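A closer look at the structure
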Amino acid sequence: MKHPIGMDRRRFVQMVGTTALLRAVGGRFGWAASLGAPTRTARFAYLGGEHGIHVYSIAADERFIIQQTMACAHPVAMAINGGNLYVANGVSEFGSLPRGSVEAYAIDGATGRLEFKNRAPLSLSGTSPRDLAVARDGRSVVVAIQGGGAYNVLSVLQDGRLGRVSGILKETGSGPHALQTCAHPAVVLFDREGRVLTADQGSDKLSVFSLSNGELTVAGRCEVTAGSGPSSMVLNPNSKRLYVAHALNGSVSSFGYDATLGRILDRTQTVRASVAGEWAALAMHPSGETLYSSHGDGVQAWKIAANGSLATLPGVEGVQANTLHVMADGKSLLALGSDAVLRMKIDSAARVLAAPVQVAALSKPVSIAIL
């Protein structure tokens, strides 16, 4: 049952959520730190598990305390904006049709608890979405869809609910690897100018899209090493460097990025990270001085030089992380593994990682958002 939210309460929650967006994207998107937003202590964590969203409060000693569990169909990606949580459901069927879906939840600003708003379908044949991001003006959600090889744009209504799909951008292409038979959009993020940056694990392609009137148009393309499978990316805080983790050849690449023109520049460096696999994860420290990566067999730390190049720092072995998230205060790194969420404290001077400590036991966590 849905309950109306009063206008005063709604405005308060929206303000809380807007600040949360800057903090939630800071670990992955980089530009949030450049906006000069004050760092606030995280209070709530939203973890997507195999069959639901698990809401935790974060205690002063950084313990995660379970508050709520909401049934949800495979929440593979989450983003917070305007007091709402948006979730991509990594399913191949919705409404008896071959398509995935996206959900919207209201966040109680005082307790962190969720209230379901609505669930909207993706375009036909748009199955198994992989990632989503909310536009900086809060009016659109862009979804990277692996099955069907496409991107969808959904409108966000005034009350935070999701509207219909307003734009579809279909991708084509393939790569030499056995897992690259067709396009597989893997990640989507916004730069500080509101452009959309994407990585296609199936066609070895990075793209820059313009978003206008609910439609995506191609602004630029950048091909990467054939068979490398780009599957994760982050921007540094000044938006001048783009880092990409390649799943299929176990590497991390550094690119220049022109935020003014929205152009990915030539690759300046590729470093061998670890073994190759089917996925890879990246997270950027808010200072822009350290990058963290995982290809499934540990967490590697990289020192970022002034020219954007990477140098190896001590990492942590034995951590099989599918998702990484640096807290907005830069004091710890969260790693989502097969059955737990681990926290590794970050040394304030050297940025190296301490031994992992379990903060939550959860079967197959795949996504995270922090408020």
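Summarised in this report is the structure supplied together with it. All values reported here derive from a predicted model rather than from experimental measurement. (Residues numbered from 1 in each chain as written. Predicted model: local features only at pLDDT ≥ 70, side-chain atom pairs only at ≥ 80, totals over all residues. Heavy atoms only, no water.)

Although it is not a glycine, His74 sits at a positive phi angle of roughly 45°. Despite not being glycine, Lys364 has its phi angle at roughly 55°, a positive value. Mapped onto the elements of the fold, Lys364 is located in the loop between strand 27 (357-361) and strand 28 (367-370). What makes Lys364 partly exposed here is its relative accessible area of 47%. (Helix = DSSP H or I, 4+ residues; strand = E, 2+ residues; numbered from the N terminus. Buried < 20%, exposed > 50% of the residue type's maximum accessible area, 1.4 Å probe, protein only.)

Here we take up the pattern of salt bridges. Throughout the structure, instances matching the rule amount to 8 salt bridges. Measuring nitrogen to oxygen at the nearest pair gives 3.8 Å for the salt bridge that ties Glu103 to Arg119. Here Glu103 is found in strand 6 (residues 101-107), whereas its partner Arg119 is found in strand 7 (residues 114-121), with 16 residues between them in sequence. For Glu103, a relative accessible area of 4% puts it in the buried group. (Salt bridge = Lys/Arg side-chain N within 4 Å of Asp/Glu carboxyl O.)

Attention shifts here to the sheet that holds strand 4 (residues 75-81). Strand order in the open sheet formed by 4 strands is 4-5-6-7, with antiparallel pairing between adjacent strands. Strands with a single pairing partner mark the edges of an open sheet, and in this sheet they are strand 4 and strand 7. For this sheet, the mean angle separating the axes of adjacent strands, direction not counted, is 20°. The pairing of strand 4 with strand 5 (residues 84-89) spans 6 bridges and is classified as antiparallel. Each bridged residue has a counterpart across the sheet, and for Ile80 the counterpart in strand 5 is Leu85. (Pairing = 2+ DSSP bridges. Axes fitted to C-alpha atoms, helices over the stretch in contact; angles between N-to-C directions.)

For any pair of aromatic rings, geometry is given as the distance between the ring centres together with the angle between the planes. For the coordinates displayed, the defined rule picks out 3 aromatic pairs. Plain terms: the ring middles of Tyr56 and Phe64 are 5.7 Å apart, the flat faces sit at 45° to each other, and that makes the pair tilted. Judged by its relative accessible area of 6%, Tyr56 falls in the buried class. Residue Phe64 is classed as buried on the basis of its relative accessible area, which comes to 11%. Centre to centre, the rings of Tyr151 and Phe209 are 5.2 Å apart; their planes meet at 75°, and the pair counts as edge-to-face. Taken together, the residues span a long stretch of sequence, with Tyr151 in strand 10 (residues 150-156) and Phe209 in strand 14 (residues 205-212) at a distance of 58 residues. (Phe/Tyr/Trp six-rings, centres within 6.5 Å; stacked < 30°, edge-to-face > 60°.)

With that settled, the discussion passes to the pairing of strand 9 (residues 140-147). In terms of residue burial, strand 9 counts as a mostly covered element, since 7 of its 8 residues are buried. By the bridge criterion, 6 bridges tie strand 8 (residues 127-134) to strand 9 in an arrangement that is antiparallel. Considered in strand 9, the bridge of Asp131 is made with Ala144. Between strand 8 and strand 9, which follow one another and run antiparallel, lie 5 residues, and Gly138 among them has a positive phi close to 75°. Here strand 9 folds back onto strand 10, and the loop between the two strands holds 2 residues, one of which, Gly148, carries a positive phi near 95°.

Turning next to the sheet that holds strand 17 (residues 241-246). Across the sheet, 4 strands lie side by side as 16-17-18-19; this open sheet has antiparallel pairing. Either end of the sheet is taken by a strand with one partner, and the two such strands are strand 16 (230-235) and strand 19 (263-272). The mean angle between the axes of side-by-side strands here comes to 25°, regardless of whether they run parallel or antiparallel. Where strand 16 lies against strand 17, 5 bridges are found, and the strand directions are antiparallel. Residue Met233 lies in a different strand from strand 17, and its bridge partner there is Val244.

Along the chain, Leu179 falls in the loop between strand 11 (162-170) and strand 12 (185-190). Relative accessible area serves as the criterion here: at 41%, Leu179 is assigned to the partly exposed category. Those residues in contact with Leu179, other than ones at most four positions away along the chain, are His184, Leu248 and Glu278. (Contact = heavy atoms within 4.5 Å.)

Time to look at the nonpolar core. Across soluble globular proteins, nonpolar side chains show a tendency to be buried alongside one another. Counting residues in hydrophobic clusters, the biggest one holds 18 residues, and the most contacted among them are Tyr292, Val299, Val319, Leu324, Leu333, Met344 and Leu353. For this core, the elements supplying multiple residues, two or more each, are strand 20 (281-284), strand 22 (298-304), strand 23 (310-317), strand 24 (323-326), strand 25 (332-336) and strand 26 (340-345). Residue contributions to this core peak at 3 residues, all from strand 26. In this structure Val299 touches Tyr292, Ser293, Gly315, Val316, Val319, Leu324, Leu333, Met344 and Leu353, once residues within four positions along its chain are discounted. One finds Tyr86, Val102, Ala104 and Leu162 within the second-largest nonpolar core, a separate group that totals 17 residues. (Core = buried A, V, L, I, M, F, W, Y, C linked by side-chain atoms within 4.5 Å.)

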